[in-house]
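Residues per chain are reported as follows:
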Amino acid sequence: MKTTAQIKKNYQLIKLKKLVIISLLIGFLSAFLGISLKKITEYYEEIFFHQSYTNPLFLIFFPIFGLSVIYFLRLYMFKKKENKGIKEVFESTQNKNKNLPSYKIPSHTINGLLTVIFGGSTGIEVSTVVATATIGSVAQQKENVFRQYKTELICAGVAAGITALFSSPIAGILFALEVISKKVTRAFVISNLIAVSIAFGLLIILNEKPLFEVTINTWHLSAFPYFILLGILAGINSVYLTKCVLFFKSHFAKIEKHYYKIIIGSVFLSISLFIFPQLYGEGYHAIKTITTTNNEIPLTLSLVFTFIGVLLLKPIVTSITLASGGDGGVFAPSLFIGAFLGLLVASVLNTFFDNNIITVNFIVIGMAAVLSASIHAPFTAIFLVCGLTNNYTLFFPILTACLISKYTAKMIYPKTVYTFAPTV
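Residues numbered from 1 in each chain as written. Predicted model: local features only at pLDDT ≥ 70, side-chain atom pairs only at ≥ 80, totals over all residues. Heavy atoms only, no water.

## Description of the overall build of the protein chain
So the rule is basically this: Labels follow the DSSP assignment, with helices taken as runs of H or I lasting at least four residues and strands as runs of E lasting at least two, numbered in each case from the N terminus. Here the radius of gyration uses the C-alpha set of atoms, whereas the globule reference equals 2.2 Å times the residue count to the power 0.38. Per-residue accessibility, obtained with a 1.4 Å probe over protein chains only, is compared with the maximum for each type, and a residue is labelled buried under 20%, exposed over 50%, and partly exposed between these values.
A count of helical and extended segments in the protein chain gives 16 helices and 0 strands. The C-alpha atoms of the protein chain give a radius of gyration of 22 Å, which matches the 22 Å a tight globule of 424 residues would have. Overall, the C-alpha framework of the protein chain stretches about 85 × 55 × 45 Å when taken along its three principal axes. Within the protein chain, the fraction of its 424 residues that count as buried is 57%.

This is the structure:
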């Protein structure tokens, strides 16, 4: 006859086996969704951006069409409920009785895709995070044994999704830990390691290339004061982005008729895209352009105008995109703003102070620094950007800038768009 200890041990072994199996499934489904959404978005965004670039009249049609389709999809397919972004994930992990409904998978996937390809100035990252978190949430509801692992399985889906988007398993796990779970358990380690391993394995099989192919060979210790300066400026810019999102969301929420939101949002978006085509969609096309330019970029008047437009207008356009019904978040805008901020700092130092700054280094560091400050997750930002470029040469400069940017942002404004809770 089996003893109580043996029965308990067998039961724990069965739970562990089931946890491994469900983590494998969550990892594959989340990675497949993330890769598919990324590929489809890249394909159609390139086509629509090219069409709008050759015929600017499309800039009038695309935004209002995209926002309108998203509205009618929510009205007739997705239970008339607007997507709240990562706050939905927080609500689910903090409340045992609240789960992410399965319709959130197609809702965020389709709406995120439509937002970006029709010019919405945001990215698919947050849409992917919520959709993959929902995969984990739905999985934990299937058996009673998984109920105690609710947060861990949601994090496994998120970690696999981030890994699929940015080719960095470490960034996937760190994002799940720094932003969502904020604690490590044995179940978290097992489920998340399995999920990101499956996701990374799928990336290898598909021979996925880094999003930004840059050549970074070295950095100079003498540039450290400028890394600190870039970190401070990144922190300030991230607060500006956060404040813009919160401001426009709160003011658009007061507009009762949703088609007024769509009209206002699409008009502003169309005008902004007409002036600055770089703001179209997630903006990765613009980052690829500046990372492939020569190191020496003279600071001309037109370039100054572009920098001002990008750094001041991008947070506003992103905020209006989200406030008028678009689906997305601050991931891609942070990377975009950071890249142009790094380019601006490097250009100023080279043009006026003859510092011989390596421009591409500052572009990459700026991307990580603004993202770190925007989501208050410096280590996620470090490995995410290193994964995007498939290069860890700048690890210590990025670490410096990310920590400084985060604490600069927290000193100015302690909240992020994820943690801000509006008063009722």
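## Description of the pattern of salt bridges
Defined as follows: The working definition used for a salt bridge is a side-chain nitrogen of Lys or Arg within 4 Å of a carboxyl oxygen of Asp or Glu.
Under the criterion given, the structure shown has 5 salt bridges. Of the charged contacts in the structure, one is a salt bridge between Glu208 and Lys39, with a shortest N-O distance of 3.0 Å. Placement of Glu208 in the loop between α8 (186–205) and α9 (224–252) and of Lys39 in helix α1 (residues 4–54) is noted, with a sequence separation of 169 residues between them. Take Glu208: its relative accessible area is 17%, and that puts it in the buried class. Assessed through its relative accessible area of 41%, Lys39 is described here as partly exposed. Ionic pairing is found between Glu88 and Lys104, a salt bridge with its closest N-O pair at 2.4 Å. Linking Glu88 in helix α3 (residues 86–94) with Lys104 in helix α4 (residues 104–117), this pair joins segments that are 16 residues apart in sequence. Glu88 gets classed as buried once you look at its relative accessible area, which sits at 7%. Residue classification places Lys104 among the buried positions, given a relative accessible area of 4%.

## Comments concerning the packing of aromatic side chains
Cut-off, in case you're wondering: Put simply, two rings from Phe, Tyr or Trp (the six-membered ring, in Trp's case) pair if the centres are within 6.5 Å, and we call them stacked under 30 degrees between planes, edge-to-face over 60, tilted for the rest.
Counting across every chain of the model gives 28 aromatic pairs. Taken together, a centroid distance of 5.2 Å and an interplanar angle of 70° make the contact between Phe65 and Phe118 edge-to-face. Remark: Phe118 occurs in the loop between α4 and α5 (125–140) and Phe65 occurs in helix α2 (residues 58–76); sequence separation between them is 53 residues. Assessed through its relative accessible area of 9%, Phe118 is described here as buried. Both rings, one in Phe224 and one in Phe227, keep their centres 5.5 Å apart while their planes meet at 70°; by these two values the pair is edge-to-face. Note that Phe224 and Phe227 are positioned in helix α9 at a spacing of 3 residues, about one turn of the helix. Phe227 gets classed as buried once you look at its relative accessible area, which sits at 1%. Counting every residue linked through ring pairs, the aromatic cluster contains Tyr43, Tyr44, Phe48, Phe58, Phe61, Phe62, Phe65 and Phe118.

## Re the nonpolar core
Within soluble globular proteins, side chains that are nonpolar generally end up buried alongside one another. Basically, it comes down to this: Grouping buried Ala, Val, Leu, Ile, Met, Phe, Trp, Tyr and Cys residues that are joined through side-chain atoms within 4.5 Å yields what is termed a nonpolar core.
Membership of the largest hydrophobic core comes to 111 residues, with the highest contact counts inside it found for Phe175, Phe331 and Tyr418. Within the second largest apolar cluster, 20 residues are counted, among which are Ile22, Leu153, Ala156 and Leu203.

## Some thoughts on the side chain of Ser137
Within the fold, Ser137 resides in helix α5. Residue class for Ser137 comes out buried when judged on its relative accessible area of 0%.

## A few points about the environment of Ala187
The criterion, for reference: Between two residues, a contact is recorded if the distance between any of their heavy atoms is within 4.5 Å.
Secondary-structure assignment places Ala187 in helix α8. With relative accessibility at 10%, the residue Ala187 sits in the buried group. Between the alpha carbons of Ala187 and Tyr149 there is a distance of 7.0 Å; along the sequence they are 38 residues apart. Discounting chain neighbours no more than four positions away, the residues touching Ala187 are Leu19, Tyr149 and Glu152.

## Topic: helix α12 (residues 301–323)
Convention followed: Given the number of residues in a helix, its expected span is that number minus one, multiplied by 1.5 Å. Bend, in this description, refers to the angle at a residue between axes fitted to the seven residues ending there and the seven starting there.
A rise of 1.5 Å per residue sets the reference length of α12, with its 23 residues, at 33 Å; its end C-alpha atoms lie 33 Å apart and thus fit the reference within 8%. Roughly 40° is the biggest bend found in α12, and it falls at Leu313, with proline Pro315 one to four residues downstream. Downstream of α12 by a residue or two, Gly325 has a phi angle that is positive, lying close to 120°.

## What about unusual backbone geometry?
Of note in this structure, Lys182 is not a glycine but carries a positive phi near 65°. Along the chain, Lys182 turns up in the loop between α7 (169–181) and α8. Residue Lys182 is classed as exposed on the basis of its relative accessible area of 60%. With a phi close to 55°, Asn356 is a non-glycine residue in the positive phi region. Here Asn356 falls in the exposed class, since its relative accessible area comes to 60%.

## Some details on the packing of α9 against helix α14 (residues 359–375)
Note the threshold: An axis is simply a line fitted to the C-alpha atoms; with a helix, the fit covers only the stretch in contact. Between two such axes, the angle follows the N-to-C directions and lies from 0 to 180 degrees. Throughout, the term roughly parallel applies to angles under 35 degrees, roughly antiparallel to angles over 145, roughly perpendicular to angles from 65 to 115, and oblique to all others. Note: crossing handedness is left-handed where the near helix turns anticlockwise from the far helix by less than a right angle, and right-handed where it turns clockwise.
The geometry of α9 relative to α14 is characterised by a closest axis approach of 8 Å and an angle of 45° between their N-to-C directions. Classed by the angle they form, the pair α9 and α14 counts as oblique. Considering how the two elements wind past one another, α9 and α14 form a crossing that is right-handed. From α9, Tyr226, Phe227, Leu230, Ala234, Gly235, Ser238 and Leu241 reach across to α14, where they touch Phe362, Ile365, Gly366, Ala369, Val370, Ala373 and Ser374.

## A short note on the side chain of His258
Structurally, the position occupied by His258 is in helix α10 (residues 258–275). For His258, a relative accessible area of 12% gives the class buried. What His258 contacts, discounting residues up to four positions off in sequence, is Tyr71, Glu82, Ser324 and Gly325.

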